[in-house]
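# Structural description and commentary
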Amino acid sequence: MDFGIWLLIGAALVFFMNAGFAMIEAGFTRAKNAANIIMKNLIDFCLGTISFTLIGFTIMCAEEYLLGIIGVPNLGIFTNFSNFDFSGFIFNLVFCATAATIVAGAMAERTKFSAYCIYSVIITAVIYPIEAGWVWNANGWLAQMNYVDFAGSSVVHLVGGISAFIGAAILGPRIGKYTIDKETGKKIVHAIPGHSLTLGALGCFILWFGWYGFNGAAVGNLPQLGAIFLTTTMAPAAATVVTMLFTWVKNGKPDVSMSLNGALAGLVAITAGCSYVDAFGSLVIGAVAGVLVVVAVEFIDFKLHVDDPVGAVAVHGVNGLWGILAVGLFARPIVVGEDVISDVTGLFYGGGFGQLGVQALGALAIAAWTIVTISVTFFVIKKTHGLRVSAEDEIMGLDSAEHGLTSSYADFLPVSNNDLHMLGGGSKEKIPVALVTPEAEVPVVNTVASKKLTKVTIITKQSKFEALKEVFDQVGITGITVTNVLGYGIQRGNQTYRGVPLESQLLPKIQIDIVISKVPLDVLIETVKKVLYTGNIGDGKIFVYDVENVIKVRTGEEGYNALQDIVLGDE
């Protein structure tokens with residue numbers, strides 16, 4: 001197997017992870033900000049490519065490395081292109097861009113797009129390359145201490161998670177996320193659900209797929225690649241199952257969005273030690289990550305009151321730290337034939353506290369560097385340019401305010417003047433008289449019957465519709481009108497979103513309208529009550545109205561006669 005080619009294939013997989021980040025961040029936020037999220041994930045890679053090319057790559061990977069801290073910048077990619085390390089550059093570039101894109105999710109829905117562009121450049125040009133060189137440049141001071149971070153639990157994810165936390169804290173929460181209880185003076189946490197768990201799940205699967213390149217691209221032999229694929233599968237699987245069970249026990253039902261976060265937490269946690277732990281170690285690391293992500297999401301939200309819409313801090317920051325420390329606990333020597341997969345020994349396999357201490361020192365140094373540099377970055381941007389959009393723009397949605405889009409979804413677009421023009425409604429010209437078909441006379445029939453006309457409106461749960469349809473056929477109802485509606489009353493719902501009660505969530509209902517004349521009213525009402533009744537809140541309501549007249553436009557029939565044909569909406 002040509003591992004030089006595999007390095008580039010792995011880099012392409014890591015690049016594809018940008019699509020995963022875009023989908024999960026868009027899905028976990030509101031539809032009015034989806035295009036903004038997508039644009040940020042696109043532009044941070046593009047801007048990151050330019051800044052990493054000009055500055056970041058050489059200060060990270062230069063052979064001339066000062067004091068084990070920083071490389072000497074050069075423009076070898078331009079001045080000596082024929083001898084340039086093309087593959088190494090692309091491989092390191094896609095990792096650098098990943099660190100920047102993590103921040104987008106935590107600061108979503110209220111950050112200026114221009115501010116995002118500025119700090120993405122700073123992260124990819126300076127913050128990430130310097131600390132990454134400490135670990136992955138052979139001359140870096142942490143590399144010299146045998147600090148182990150095989151694929152970036154700290155280099156990429158801890159840095160991204162810390163940056164996300166500081167950015168979200170300085171930026172402040174979304175409007176309506178936290179309110180003050182007037183009686184107790186305490187902050188109340190409100191859930192702001194994302195608009196599409198479907199997109200969130202798609203993003204999670206794309207990221208998991210790309211992670212095989214993220215963790216495995218840099219290997220040099222097939223047994224090592226197989227071992228990494230195994231640990232990269234087992235850890236997120238264990239984390240997802242544990243997260244599901246934990247939220248099931250805690251909240252009464254398994255939490256979908258949190259389980260998606262659980263999978264990503266397991267992937268982040270195994271990234272540092274994917275080539276240094278065995279199957280058992282990867283399962284334990286993943287299981288711990290599955291608990292940590294839930295506890296961290298809720299602690300950050302309920303206690304620290306930092307608004308992180310996608311759980312980026314818990315997934316990348318907390319579990320990036322856990323993954324680094326886990327190497328010092330679970331690493332063990334692994335040799336397959338003549339291929340050495342791991343030569344590091346952790347505490348639980350007789351290695352003592354030495355490696356654990358190195359891991360803790362390295363994580364502390366990287367965290368300190370990130371905290372200082374990103375804090376300065378955000379404060380300077382906030383004071384000089386501004387980080388946050390106006391309240392009006394935030395409420396309107398960043399798709400409209402920042403990008404001039406009515407919606408990211410074409411089906412939700414209102415009819416424009418151009419559409420009306422195409423239909424004749426926007427044209428100043430009169431519609432040709434021939435199109436009105438004057439020869440088709442509208443019939444006039446005055447046959448208002450004396451029978452009473454009654455409109456019955458039923459509002460109930462969507463799940464009851466099929467049962468109602470069946471009994472309508474039995475009693476002779478030949479047509480109904482059905483509308484999807486939202487209701488909010490005594491039945492406020494007892495659902496939670498990421499552990500936060502949805503105390504004021506509008507609940508989906510259906511409204512069924514029927515006009516009857518031949519079917520006895522009492523028969524219809526009793527039939528409907530039998531279908532809907534459970535004795536619980538939310539069974540629904542039935543409204544009865546007198547109808548003065550019904551006119552069938554096609555035939556001109558009125559009253560009782562107008563209701564006798566089987567036409568949608570008629571009885």
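Quick summary incoming for the structure in this document. (Residues numbered from 1 in each chain as written. Predicted model: local features only at pLDDT ≥ 70, side-chain atom pairs only at ≥ 80, totals over all residues. Heavy atoms only, no water.)

Further remarks concern the overall build of the protein. Scanning the protein from terminus to terminus reveals 19 helices and 12 strands. Split into buried and exposed, the 571 residues of the protein put 50% on the buried side. Residue pairs at least 24 apart in sequence account for 77% of intrachain contacts in the protein once pairs closer than 6 positions are excluded. When the accessible area of the protein is evaluated, it comes to approximately 26500 Å², of which 65% is carbon and sulfur surface. (Helix = DSSP H or I, 4+ residues; strand = E, 2+ residues; numbered from the N terminus. Buried < 20%, exposed > 50% of the residue type's maximum accessible area, 1.4 Å probe, protein only. Contact = heavy atoms within 4.5 Å. Areas by Shrake-Rupley, 256 points an atom, 1.4 Å probe, with all protein chains shown as cover.)

Take the packing of helix H4 (residues 86-106) against helix H7 (residues 153-171) next. Taken N-terminus to C-terminus, the directions of H4 and H7 make an angle of 30°; their axes are 8 Å apart at the nearest point. Taken together, the axes of H4 and H7 are roughly parallel relative to one another. With respect to the hand of their crossing, H4 and H7 are arranged in right-handed fashion. Contact with H4, carried on its side by Phe 95, Thr 98, Ala 99, Ile 102, Val 103 and Ala 106, involves Val 156, His 157, Gly 160, Gly 161, Ser 163, Ala 164 and Ala 168 of H7 and no other residues of that element. Taken together, the residues that form the contact of H4 with H7 break down as eight nonpolar, five polar and no charged. (Axes fitted to C-alpha atoms, helices over the stretch in contact; angles between N-to-C directions. Parallel < 35°, antiparallel > 145°, perpendicular 65-115°, else oblique. Left-handed = near helix turned anticlockwise from the far one by under 90°. Nonpolar A, V, L, I, M, F, W, Y, C, P; charged D, E, K, R; others polar.)

A separate point is the packing of helix H11 (residues 279-303) against helix H12 (residues 312-330). One can describe the packing of H11 onto H12 by two numbers: an axis separation of 9 Å at closest approach and a directional angle of 145°. Note on packing geometry: the crossing formed by H11 with H12 is right-handed. Mapping the contact onto sequence places Gly 281, Val 284, Ile 285, Val 288, Ala 289, Leu 292, Val 293, Ala 296, Val 297 and Ile 300 in H11 and Val 313, Ala 314, Val 315, Val 318, Asn 319, Trp 322, Ala 326 and Phe 330 in H12. Classifying every residue of the contact of H11 with H12 by side-chain character gives 16 nonpolar, two polar and no charged.

Another point: the pairing of strand S6 (residues 339-342). The pairing of strand S5 (residues 334-336) with S6 spans three bridges and is antiparallel. Bridging across to S6, Ile 334 finds its partner in Ser 342. Counted along the chain from S5 to the antiparallel partner S6, the turn is two residues long, and its residue Gly 337 has a positive phi close to 65°. (Pairing = 2+ DSSP bridges.)

If you trace the four strands from one edge of the open sheet to the other, you get S8-S11-S7-S12, paired in antiparallel fashion. Edge strands, defined here as strands with exactly one partner in the open sheet, are strand S8 (481-487) and strand S12 (541-547). With direction set aside, neighbouring strand axes in the sheet form an average angle of 25°. Here S8 runs beside strand S11 (residues 507-516); their pairing, made up of seven bridges, is antiparallel. What sits directly across from Val 485, in S11, is Lys 509. Strand contacts of helix H18 (residues 521-532): strand S7 (453-460), S11 and S12, with the helix running at about 5° to S7, the strand carrying the most contacts.

Within the secondary structure, Thr 53 sits in helix H2 (residues 34-61). Of note is the side chain of Thr 53, whose polar atom sits 2.5 Å from the backbone oxygen of Thr 49. If we ignore the near neighbours within four places in the chain, the residues touching Thr 53 are Ile 77, Phe 78 and Phe 89. (Polar contact = N/O pair within 3.5 Å; in protein donor to acceptor, adjacent residues only side chain to side chain.)

Taking 1.5 Å as the rise per residue, helix H8 (residues 197-216) with 20 residues should run 28 Å; its terminal C-alpha atoms sit 28 Å apart, in good agreement. Its maximal kink placed at Gly 210, H8 deviates by approximately 30°. Most of H8 sits out of view: 14 of its 20 residues are buried. (Expected span 1.5 Å × (residues − 1). Bend = angle between axes of the 7 residues up to and from the residue.)

Okay, the pattern of salt bridges next. Under the defined criterion, the tally for this structure stands at 10 salt bridges. The closest approach of N and O atoms between Asp 307 and Arg 174, which form a salt bridge, is 2.7 Å. Taken together, the residues span a long stretch of sequence, with Asp 307 in the loop between H11 and H12 and Arg 174 in the loop between H7 and strand S3 (178-180) at a distance of 133 residues. Neither residue differs from the other here; Asp 307 and Arg 174 are each classed as buried. The salt bridge involving Asp 301 is made with Lys 177; its shortest N-O contact spans 3.3 Å. (Salt bridge = Lys/Arg side-chain N within 4 Å of Asp/Glu carboxyl O.)

Along the chain, Cys 46 falls in helix H2. Linking Cys 46 and Val 121, residues 75 residues apart in sequence, is a C-alpha distance of 9.7 Å.

This part covers the nonpolar core. Counting 120 residues, the largest nonpolar core has Tyr 119, Tyr 128, Phe 378 and Leu 387 as its most contacted members. Among the elements that make up this core, the one with the highest residue count is H4 (13 residues). Not counting residues within four places of it along the chain, the set of residues in contact with Leu 387 comprises Met 107, Arg 110, Thr 111, Lys 112, Ala 115, Tyr 119, Ile 170, Leu 171, Phe 378, Ile 381 and Lys 382. (Core = buried A, V, L, I, M, F, W, Y, C linked by side-chain atoms within 4.5 Å.)

All right, on to unusual backbone geometry then. Even without being glycine, Leu 67 reaches a positive phi, approximately 55°. Along the chain, Leu 67 turns up in the loop between strand S1 (65-66) and strand S2 (70-71). The backbone of His 305 shows a phi angle near 55°, a positive value even though the residue is not glycine. With respect to the helices, strands and loops of the structure, His 305 is situated in the loop between H11 and H12. Look at His 305 and you get partly exposed, because its relative accessible area is 21%.

For the rest of this paragraph, the subject is a nonpolar patch on the surface. Taken together, the side chains of Ile 50, Leu 54, Ile 55, Leu 75 and Phe 78 define a hydrophobic patch exposed on the protein surface, amounting to about 470 Å² of accessible area. Looking at the nonpolar patch, the element that brings in the most residues is H2, giving three residues. One can find Ile 50 in helix H2. (Patch = residues over 30% accessible without salt bridge, like charges linked within 9 Å, V, L, I, M, F, W, Y side chains within 5 Å.)

With the rule as written, the count across this model stands at zero disulfides. Cys 61 takes part in no disulfide bond, and the closest cysteine sulfur to it belongs to Cys 96, at a distance of 9.9 Å. Exposure remark for Cys 61: the relative accessible area of 29% places this residue in the partly exposed category. (Disulfide = S-S within 2.5 Å.)

To continue, consider the packing of aromatic side chains. A ring pair, where both rings are aromatic, is described by two values, the distance of the centres and the angle of the planes. Under the criterion given, the structure shown has 21 aromatic pairs. Each ring, one from Trp 211 and one from Phe 214, has its centre 5.4 Å from the other, and the planes form 45°; the classification is tilted. Within this pair, Trp 211 and its partner Phe 214 are both found in helix H8, separated by three residues, close to a single helical turn. What makes Trp 211 buried here is its relative accessible area of 0%. Note on Phe 214: relative accessible area 1%, which makes it buried. Three or more aromatic residues joined by ring pairs make a cluster, and in this case those are Phe 52, Phe 57, Phe 81, Phe 84, Phe 86 and Phe 89. Over the ring of Tyr 178 we find Lys 187, and its NZ or CZ is 5.8 Å from the ring centre. The residue whose ring lies beneath Lys 455 is Tyr 545, and the NZ or CZ to ring-centre distance is 5.8 Å. (Phe/Tyr/Trp six-rings, centres within 6.5 Å; stacked < 30°, edge-to-face > 60°. Lys NZ or Arg CZ within 6 Å of the ring centre and 35° of its normal.)

Fair warning: the whole summary comes from geometry, so function is off the table for now.
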